[in-house]
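Secondary and tertiary structure notes
What follows is the residue order along each chain.
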Amino acid sequence: MPHTTRPHPSTEAPTTAPATPLGAVLAPSTLVPLIAVWLVVAASVIVGPGLLRDPVAPPVAAVSFVVILAAIVVAAFRVVHEAEHLARALGEPFGTLILTLSIVIIEVILIASVMLGPGESTTIARDSLFAVMMIIINGVLGAALLVGGLRHGPQRYNREGTAQYLGMIVVFTLIALVLPNATTSAAAGSFSDVQALGVAVLAAAAYAIFLGLQTTKNSELFTQPSPTAATMSEATSGAMSEATTGGMGNESAAHPSRSIVITHSALLVVTVLPIVLLSHDLATLLDVGIALLGAPATLSGVLIALIVFTPEAVTAIRASLGNETQRTINLGLGAFVSTVGLTLPAVLVIGLITGETVVLGESAANTVLIAATLALSIVTFTSKRTNALHGVAHLVLFGVFALLIFSP
């Protein structure tokens, strides 16, 4: 077989590659979408309270929803763009972690906005968490493994780091979505105040410890392994460079200037803020739209998950096509661990503060899907290499999930 590993850095390009000009970072392709999104925010602040006053006229609701949704989607893609630049500059696992946390924070903000809004929202956290699990683990990772397997055949990844993701996913999923159905101290599917406080603290602590280890002592477990042991012996320093960058190319080796990193970080914050500011109006319009269409209430959580994770899904599939399976896994499984680790404590604390009941326990049918997803994930991500058939199996579960939304 032809040798497919990357050449040693010394033969590939000078390590002192010229830094990206600041003008290129602040190009019109960056600033124009950002300005457009902030104009929507300004319109929302100025005329939104009058236009979206209850009851909202259907034509007004439809136009407002399209405009606000378009602004949030554009902002979400720009968030991914800026986070990817930081990923290349900082290397793995920090780069992917920045992207994942940026997306998950948006998810938490949208869920919190719905919970604090005027509509009935006792199940929004449950619906969103379950939708994220099905969309990310079965939909996104299924598609990524399928297209990556078809292009490259069986793909390598780091099983040790992936096993850490799986352990957290099993614990978080069972505690968040299954355990509430088995407790007796509160209404079915929910926690009592004492239980909610305890679960919130435990989940937050577990995620903080996981995050700390992932970025320090265990960071090498979340990088793409070298294809063969021979590669390691041929060019140890080259392989170490590969492990540091997560197979993301020479851009990170160029060590961008501090001003470039700071600029991308500032743009990331400025791009996330519009999503935060528009999230309340989006939540209001989702309630109006679902009521007008007579759609299932669970569709709200699904739409939130789809809006937030579509840009990351594109990134994960692109990484798989580039044979960077570990980055795909970091984005997929890492996104779900971060979503539950941040969302579960947040919604439980909001419920305690507002006195609102937070229903987390899933239906019997969805519990079956959860069990099947966990079992299949363990099979997929403990195999020596992933392949296209793993992707097909996950996509079948995603198809069942989509079917049950409209035909429970």
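Residues numbered from 1 in each chain as written. Predicted model: local features only at pLDDT ≥ 70, side-chain atom pairs only at ≥ 80, totals over all residues. Heavy atoms only, no water.

**Remarks on the pattern of salt bridges**
Heads up, the condition is: The working definition used for a salt bridge is a side-chain nitrogen of Lys or Arg within 4 Å of a carboxyl oxygen of Asp or Glu. Helix and strand assignments come from DSSP, with helices taken as H or I runs of at least 4 residues and strands as E runs of at least 2, each series counted from the N terminus. Each residue's exposure class comes from its accessible area (1.4 Å probe, protein chains only) as a fraction of the maximum for that residue type: buried when under 20%, exposed when over 50%, partly exposed otherwise.
On inspection of all chains with the given rule, the structure shows three salt bridges. Of the charged contacts, one joins Glu82 and Arg78 as a salt bridge, the two residues approaching to 3.7 Å between their closest N and O atoms. Of this pair, Glu82 and Arg78 both sit in helix H4 (residues 58–90), four residues apart, which is roughly one turn of that helix. For Glu82, a relative accessible area of 2% translates into the label buried. Judged by relative accessible area, Arg78 falls into the buried class, the value being 17%. Where Arg126 meets Asp127, a salt bridge forms, and the shortest distance between an N and an O atom there is 3.3 Å. Considered together, Arg126 and Asp127 belong to a single accessibility category, that of buried residues. If you follow the salt bridges from partner to partner, you end up with Arg126, Asp127 and Glu362 in one network.

**Here we look at a nonpolar patch on the surface**
What counts here: Patches were defined on residues exceeding 30% relative accessible area and lacking a salt bridge, with like-charge contacts within 9 Å and nonpolar side-chain contacts (Val, Leu, Ile, Met, Phe, Trp, Tyr) within 5 Å. Exposure was quantified through the Shrake-Rupley algorithm and a 1.4 Å probe, taking into account, for residues, occlusion by the shown protein chains and nothing else.
Nonpolar side chains collect at one region of the surface, where Trp38, Val269, Val270, Leu273 and Leu277 lie side by side and expose about 400 Å² of accessible area between them. The dominant element in the nonpolar patch, judged by the number of residues it contributes, is helix H11 (residues 258–293), at four residues. Mapped onto the elements of the fold, Trp38 is located in helix H3 (residues 28–51). Classification of Trp38 as partly exposed rests on a relative accessible area of 30%.

**Observations concerning the packing of helix H8 (residues 193–214) against helix H13 (residues 325–354)**
The following threshold applies: Interaxial angles span 0 to 180 degrees and are taken between N-to-C directions of axes, which are lines fitted to C-alpha atoms, for helices over the stretch in contact. Put simply, angles under 35 degrees are roughly parallel, angles over 145 are roughly antiparallel, angles from 65 to 115 are roughly perpendicular, and the rest are oblique. Note on convention: the crossing is left-handed when the near helix lies turned anticlockwise from the far helix by less than a right angle, right-handed when the turn is clockwise. By the convention used here, residues are in contact when the closest approach between their heavy atoms is within 4.5 Å. Charged means Asp, Glu, Lys or Arg here, nonpolar means Ala, Val, Leu, Ile, Met, Phe, Trp, Tyr, Cys or Pro, and polar covers whatever is left, Gly included.
In the contact formed by H8 and H13, the axes pass within 9 Å of each other and the chain directions differ by 150°. Between H8 and H13, the interaxial angle falls into the category roughly antiparallel. Crossing geometry of H8 relative to H13 is assigned as left-handed. On H13, the residues that touch Asp193, Ala196, Leu197, Val199, Ala200, Ala203, Ala204, Tyr207 and Phe210 of H8 are Val337, Ser338, Gly341, Leu342, Leu344, Pro345, Leu348, Val349 and Leu352. Residues of the contact of H8 with H13, tallied by class, amount to 15 nonpolar, two polar and one charged.

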